[in-house]
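Structural features, examined
Listed below are the residues making up each chain.
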Amino acid sequence: MITEEARRAVAPAPVRADPDPARPTGRRRPWDEAPRWQIYLPLSIYLVFTLVPFYWILLFALRPAGSTSLVPWPMTFEHFGKVWNERSFGVYFQNSVLVGVATLVLTTGVALAGGYALARFDFRIKRGFMLALLCTQFVPGALLLVPLFEIFVQLRMINSLASVVIAETVFQLPLSMILISGFIRNVPYSLEEAAWVDGCNRFTAFRIVVLPLLRPGLIAVGSFAFVHAWNHFLFALMFLSDQAKQTIPVGLNTLMSADSVDLGALAAGGIIAAVPVVIVFAFIQKWLITGFSAGAVKG
C-alpha cells in the first residue's frame, strides 16, 4: 500500500502561473528602454522656453521702475496698484467677468437644448445642419464684424456689454452644440425610456437622468466659452466705445502708445488678465479627462 508521503514524493510539483503574462521573458535588451537623458533633455528645453516668458513678465511687474536687475528685488507692487486704480483695470476686470459669465450661461444653455435635439431627434435637414455647423468653424471672427455691427446698430445695442455677449455666444455656439450632442449620445436612450415608464415626461427625464451625467461635459464646454470670451479682443474693440465698458484685452491695448510703452504696467496688467484663465484651466483639467467619457455607464 502506497502511503501518503510516498504519493507526495512522486507527484509532480504544481506549475505556478506567471502573474504578468505580458512581461517579456529573458534579460531586457539595452535598446528596449530609452536612456533617461533622451527623455529629460527635450522636456527641459520645452520647460525653459515655457517658463522664461512667464518669469520675464513677473520680473517687469515686480521690480521697481527703471531697474535693470534680473532678479525682482527689492520687490514692489506699485505697477499693480497703478494699473488697477489709475488705468481703471478694476472696471475692465469687472466688465470681463460679466461678459465671460454671461457668455458661459448663454452658450451652455442654448448648446444644451440644440445638442439634445441633434442627439435624440431625426429630421430631414439634420445632416445638412451638422455640416453647416462644422463649416462655420472655418469662418474667422473678423468676417462677422460687419453684419453683426449692422445688426447691433439697428437694435441700438452698440456700446453695450450685451452686444459683446451675443457676439461671443454666436461665435461659440456651433462647436459647443456639436460637443454636447456627442456627450448626450453617450447616454443610453434606455435610461430615458425607463424614466418615461415611471411616469416622467421628457423634460423631467432629461433633468433627472441625463443632465447629471452631462455635468463634466457641460463644465468643459462652459469653461472654454468663458476663456474665449475673456481673451477675445476684436468684438470688444469694435462694439464698445465707452472706456467704462471696455474689457481687459482692450484695456491692455490702452497701455501701449505710439511714443512709449510702460513695460511694468503692461506686465502687471498681463498677470491680472492671466490669473483667472490659469485658474479656470487648472480647474477643468480633470473635467476634460472625464468630460469626453460623460454618460458612459454600465448597463
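Conventions used here
Residues numbered from 1 in each chain as written. Predicted model: local features only at pLDDT ≥ 70, side-chain atom pairs only at ≥ 80, totals over all residues. Heavy atoms only, no water. Helix = DSSP H or I, 4+ residues; strand = E, 2+ residues; numbered from the N terminus. Buried < 20%, exposed > 50% of the residue type's maximum accessible area, 1.4 Å probe, protein only. Contact = heavy atoms within 4.5 Å. Areas by Shrake-Rupley, 256 points an atom, 1.4 Å probe, with all protein chains shown as cover. 1 Å grid on protein atoms, 1.4 Å probe; cavity = no way out; pocket = protein on both sides within 12 Å on 5 of 7 lines; lining within 4 Å. Points joined across faces, edges and corners; volume = space filled by probe spheres on them. Nonpolar A, V, L, I, M, F, W, Y, C, P; charged D, E, K, R; others polar.

Some words on the overall build of the chain
Within the chain one finds 13 helices and 0 strands. Put simply, the chain runs from its N terminus to its C terminus through helices and strands in the order α-α-α-α-α-α-α-α-α-α-α-α-α. Scored against the burial criterion, the 299 residues of the chain give a buried share of 35%. Considering only residue pairs separated by 6 or more positions, the chain has 73% of its internal contacts joining residues 24 or more positions apart. When the accessible surface of the chain is summed, it comes to about 19300 Å², and 68% of that surface belongs to carbon and sulfur atoms.

Comments concerning unusual backbone geometry
At S88, a position not held by glycine, the phi torsion is positive, near 60 degrees. With respect to the element layout, S88 can be found in the loop between α3 (78-86) and α4 (89-120). Positive phi is not limited to glycine here, since R156 has a value of about 60 degrees. One can find R156 in the loop between α6 (145-154) and α7 (161-185).

Side note on the layout of surface pockets
In this structure, the largest pocket spans a volume of roughly 340 Å³. Together, 15 residues line the largest pocket, and Q137, F171, Q172, P174 and L175 are the ones closest to its centre. Contributing elements (two or more residues each) for the lining of the largest pocket: α7 and α10 (215-231). Looking at which element gives the most residues to the lining of the largest pocket, the answer is α7, with 7 residues. Taken together, the residues of the lining of the largest pocket break down into 10 nonpolar, 5 polar and no charged. Approximately 180 Å³ is the volume attributed to the second largest pocket. As for the second largest pocket, its lining consists of F54, I57, L58, G270, I271, A274, V275 and V278. The residue makeup of the lining of the second largest pocket, split by class, is 7 nonpolar, 1 polar and no charged.

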